[in-house]
Amino acid sequence: MFKKYCLILLSFFFVTQVIAADHQDCSIKGIRLYGKVQFVKNFADLKVKFVKSFPDLKVQFVDSFPDNCGQWQKVDVFPDFKVQIVDSFEDIKIQKVQNFPSMVGN
């Protein structure tokens, strides 16, 4: 019985550490959340929903050098990742900002 509780506690600790690591390196599903992004209707790497409050990621659209967490540069060719805008069943909720892009919770 004690082993069962230890195993449950240990697995909970492991799962929370994996989720925290995603926030620390600004990624989700192994995809960096900064760089060149292409908006597509099908076959996206991530499904996103634009929200006005309580986002998972604050995104700033830039014209060049999208090197920091949450900075996205829209491109038509050679993207770092592809995004599909959806109304439900999103992978991540994003909010468009002019300054201070970041993962919420950091």
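Keep in mind that what you see is a predicted model, and the values were worked out from it rather than measured.

Time to look at the side chain of Gln-71. If you trace the backbone, Gln-71 turns up in strand S6 (residues 71-74). Accessibility expressed as a relative area gives 12% for Gln-71, which makes it buried. Once residues within four sequence positions are removed from consideration, Gln-71 is found in contact with Leu-33, Tyr-34, Gly-35, Gln-60, Val-62, Phe-65, Pro-66 and Pro-101.

Once that is clear, we can look at the pairing of strand S4 (residues 46-50). One face of the sheet, then the other: side chains in a regular strand alternate in exactly this way. With 3 bridges joining them, S4 and strand S7 (residues 81-85) adopt parallel strand pairing. Pairing of Lys-47 across the sheet is with Gln-84, part of S7. Where S4 lies against strand S8 (residues 92-96), 3 bridges are found, and the strand directions are parallel. The residue bridging Lys-49 from the neighbouring strand is Lys-93, located in S8.

The final tally for this structure, using the stated rule, is 1 disulfide. Note on cysteine connectivity: Cys-26 is disulfide-linked to Cys-69, with sulfurs 2.0 Å apart. An S-S torsion of about 75° defines the bridge between Cys-26 and Cys-69 as right-handed. On the criterion of sequence distance, the pair formed by Cys-26 in the loop between helix H1 (2-24) and strand S1 (27-28) and Cys-69 in the loop between strand S5 (57-61) and S6 is long-range, its members being 43 residues apart.

Let us look at the environment of Leu-46. Relative to the elements of secondary structure, Leu-46 occurs in strand S4. A relative accessible area of 0% places Leu-46 in the buried class. As a C-alpha pair, Leu-46 and Lys-29 span 17 residues in sequence and 8.5 Å in three-dimensional space. Not counting the four nearest positions on each side in its chain, Leu-46 is found in contact with Ile-28, Lys-29, Ile-31, Leu-33, Phe-81, Lys-82, Val-83, Gln-84 and Asp-91.

Okay, the nonpolar core next. Counting residues in each nonpolar core, the largest one holds 16 residues, and the members touching the most others are Leu-33, Leu-57, Trp-72, Phe-81, Ile-92 and Ile-94. For this core, the elements supplying multiple residues, two or more each, are S4, S5, S7 and S8. Phe-81 has contacts with Ile-31, Arg-32, Tyr-34, Gly-35, Lys-36, Val-37, Gln-38, Asp-45, Leu-46 and Trp-72, leaving out every residue within four places of it along the chain.

Thresholds, definitions, all that
Residues numbered from 1 in each chain as written. Predicted model: local features only at pLDDT ≥ 70, side-chain atom pairs only at ≥ 80, totals over all residues. Heavy atoms only, no water. Helix = DSSP H or I, 4+ residues; strand = E, 2+ residues; numbered from the N terminus. Buried < 20%, exposed > 50% of the residue type's maximum accessible area, 1.4 Å probe, protein only. Contact = heavy atoms within 4.5 Å. Pairing = 2+ DSSP bridges. Disulfide = S-S within 2.5 Å. Core = buried A, V, L, I, M, F, W, Y, C linked by side-chain atoms within 4.5 Å.

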